[in-house]
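# Remarks on the overall topology
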Amino acid sequence: MENLIGKKLEEFEVPAYANEDFTTVTDKDLEGKWSILFFYPGDFTFVCPTELQDLQNHYEKLKSLGVEVYSVSTDSEFVHKAWKDESVAVKGVQYPMLSDRAFVLSRMLGVLKEKDGQSLRGSFVINPENEIVAYEIHSDGIGRDASELVRKVEAAQFVATYGDKVCPAAWHPGDDTLTPGKDLVGKI
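Let me sum up the structure you'll find in this document. Quantities reported herein were computed from a predicted structural model and do not represent experimental measurements. All residue numbers refer to position in the chain's written sequence, counted from 1. A pLDDT threshold of at least 70 governs which residues receive local features in this predicted model, and a stricter bar of 80 or more applies before side-chain atom pairs are shown or counted, although totals over entire chains, interfaces and linings include all residues. Calculation of side-chain values draws on the structure's entire complement of heavy atoms; hydrogens and water are dropped beforehand.

### Notes on the side chain of Arg 144
Comment: elements are numbered from the N terminus, with helices defined as DSSP H or I runs of at least four residues and strands as E runs of at least two. Checked against the element boundaries, Arg 144 lands in the loop between strand 9 (132–138) and helix 6 (146–161). Buried means the residue's accessible area, taken with a 1.4 Å probe over protein chains only, is under 20% of the maximum for its type, while exposed means over 50%, and partly exposed covers the values in between. By relative accessible area, which is 9% here, Arg 144 ends up buried. Only 3.1 Å separates the side chain of Arg 144 from the backbone oxygen of Gly 122, close enough to count as a polar contact. Contacts: residue pairs with any heavy atoms within 4.5 Å of one another. Ignoring any residue separated from it by four or fewer positions in sequence, one finds Arg 144 in contact with Phe 38, Phe 39, Tyr 40, Glu 51, Asp 54, Arg 121, Gly 122, Ser 123, Glu 136 and His 138. Definition of a polar contact: a pair of N or O atoms within 3.5 Å, with one able to donate and the other able to accept a hydrogen when the atoms are protein atoms, and with sequence-neighbouring residues admitted only if both atoms are side-chain atoms.

### Section: the packing of aromatic side chains
Ring pairs shown here join Phe, Tyr and Trp side chains whose ring centres sit within 6.5 Å, with only the six-membered ring taken for Trp; geometry is labelled stacked below 30 degrees between planes, edge-to-face above 60, and tilted in between. Evaluation of the coordinates by the stated rule reveals 9 aromatic pairs. With a centroid separation of 5.2 Å and 50° between ring planes, the pair formed by Phe 158 and Trp 171 is classed as tilted. Separated by 13 residues along the polypeptide, Phe 158 in helix 6 and Trp 171 in the segment after helix 6 bring together distant segments of the chain. With relative accessibility at 18%, the residue Phe 158 sits in the buried group. Look at Trp 171 and you get buried, because its relative accessible area is 3%. An aromatic cluster of at least three residues, connected via ring pairs, comprises Tyr 17, Phe 22 and Phe 78. One cation-aromatic arrangement involves Arg 144 over Phe 38; the distance from NZ or CZ to the ring centre is 3.7 Å. Note on criteria: charge over ring means Lys NZ or Arg CZ within 6 Å of the ring centre, with the direction from the centre no more than 35 degrees off the ring normal.

Following this line, the structure appears as C-alpha cells:
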C-alpha cells in the first residue's frame, strides 16, 4: 500500500446529505480548513452507527478546533437520509454524510474493498492545504474511538503551528513537547 502522508487530495465531487438536504461536496469545500474524512462500510449495519454517534459526540470539540467532519460510505445520499431518519444512534448526526457510490474517494484513499463495493474503516486528517497529515485504516469489526481522532487533530495542528517541535506519545494540549536535535538523542 502506498504511503498517503503528504498526499494532496485530487479533485472530486460527490453527492451528500447535510443539514437535512441533498447537496454536493467537492475538494474545494475542504480547502482552507482542517477536515476529517471518516469512511465506514455501510449504513444500516452494526458497528457503523456506534462510530457515527461517537463522532457526533465529539463534533462540537472538533468544530471548536476549526475542523469539519465528513462521514463517507458507498451508500447513496438517499440511503443516508433514510438511515438518519430511522436510526436512534445516527439521528443526531450534524456533519455532512458523503455518498461515494462511484468509489471516487474510496479508491483515491485506498480504502475500497472492490469485491464488496464498500469501504474499510478509514480516518483521514486533512490539513488546510488538502494534504493528508494522519490516517488509520481498520478492518470491519474494529470500531474507532473519536477521542483519539480529536487528539491526533490537536497534535497535527500543534506541529503545523510549531514546526520545530514534535508531540510525544499520548500528547495532549498543554503537555510537554520535544524539540528534535542532536542534544536530545539518547536522552529520552
